[in-house]
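# Reading the structure
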Amino acid sequence: MVADITASELALGGIYDFVEVFANNHRTRCRMSPVGVLDVYSPQHEQFKDIYLVEKITTNEGWIPASPDEGWSLGYGRELRNFVDAVKTGRAPESDLDLAIDTTLTLYAGYVSADEKGREVRSAVARFPLARLRG
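Here's what I pulled together on the structure shown here. (Residues numbered from 1 in each chain as written. Predicted model: local features only at pLDDT ≥ 70, side-chain atom pairs only at ≥ 80, totals over all residues. Heavy atoms only, no water.)

The next point concerns the overall build of the chain. The helix and strand inventory of the chain stands at four helices and five strands. Along the chain, helices (α) and strands (β) appear in the sequence β-β-β-β-β-α-α-α-α when read from the amino end. Looking at the chain as a whole, 21% of its 135 residues are labelled buried. If you take every contact in the chain between residues at least 6 apart in sequence, the share linking residues at least 24 apart comes to 27%. Of the roughly 10400 Å² of accessible surface on the chain, a fraction of 57% belongs to carbon and sulfur atoms. (Helix = DSSP H or I, 4+ residues; strand = E, 2+ residues; numbered from the N terminus. Buried < 20%, exposed > 50% of the residue type's maximum accessible area, 1.4 Å probe, protein only. Contact = heavy atoms within 4.5 Å. Areas by Shrake-Rupley, 256 points an atom, 1.4 Å probe, with all protein chains shown as cover.)

Given below as structure tokens:
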């Protein structure tokens with residue numbers, strides 16, 4: 001199984017975050033941001049010049065993956081609800097420090113691997129965030 005994970009806030013055309021899994025029996029694509037709820041097209045910037053469509057775009061012409069409700073599509077409400085519930089009940093939040101460390105180390109290993117022309121790199125701690133989610 002192979003997974004391509006791309007996340008960027010600096011891509012030409014705005015935010016571009018997705019996970020794509022290629023397996024021997026299926027293919028899965030998850031567009032995290034933009035989620036693709038609404039696409040708008042304008043041939044000229046002037047038509048949408050004063051309308052907010054989505055963050056981090058440089059022009060409002062062409063096809064734009066507009067976000068009619070960014071707070072919902074980016075998960076901010078669910079994130080805040082989970083935090084408040086965790087504080088109220090004394091339970092650990094869904095995204096904890098271990099997950100943050102695992103994610104950071106995995107990303108860092110990817111940068112080191114890319115810098116070393118694709119050499120396989122083992123992260124400093126042999127934990128991967130998705131392993132915990134499986135079971």
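Turning our eyes to something else, we now look at unusual backbone geometry. Even without being glycine, K117 reaches a positive phi, approximately 60°. Along the chain, K117 turns up in the loop between α3 (97-115) and α4 (129-134).

For the rest of this paragraph, the subject is the nonpolar core. Grouped burial of nonpolar side chains is what soluble globular proteins tend to show. Listed in full, the five residues of the largest apolar core are V40, L53, V54, I64 and A66. Setting aside anything within four residues of it in sequence, one finds L53 in contact with V40, F48, N60, I64, A66 and S67. (Core = buried A, V, L, I, M, F, W, Y, C linked by side-chain atoms within 4.5 Å.)

For strand β2 (residues 16-22) and strand β3 (residues 27-33), the ladder comprises six bridges, and the chain directions are antiparallel. Bridge pairing in β3 links V21 to T28. Taking the residues between adjacent antiparallel strands as the criterion, β2 and β3 are bridged by four residues. (Pairing = 2+ DSSP bridges.)

This brings us to the packing of aromatic side chains. For the coordinates displayed, the defined rule picks out one aromatic pair. Summarising the aromatic geometry, the rings of Y41 and W63 are spaced 5.3 Å apart at their centres and angled 50° between planes, so their arrangement reads as tilted. Placement of Y41 in strand β4 (residues 38-42) and of W63 in strand β5 (residues 62-66) is noted, with a sequence separation of 22 residues between them. Exposure remark for W63: the relative accessible area of 62% places this residue in the exposed category. (Phe/Tyr/Trp six-rings, centres within 6.5 Å; stacked < 30°, edge-to-face > 60°.)

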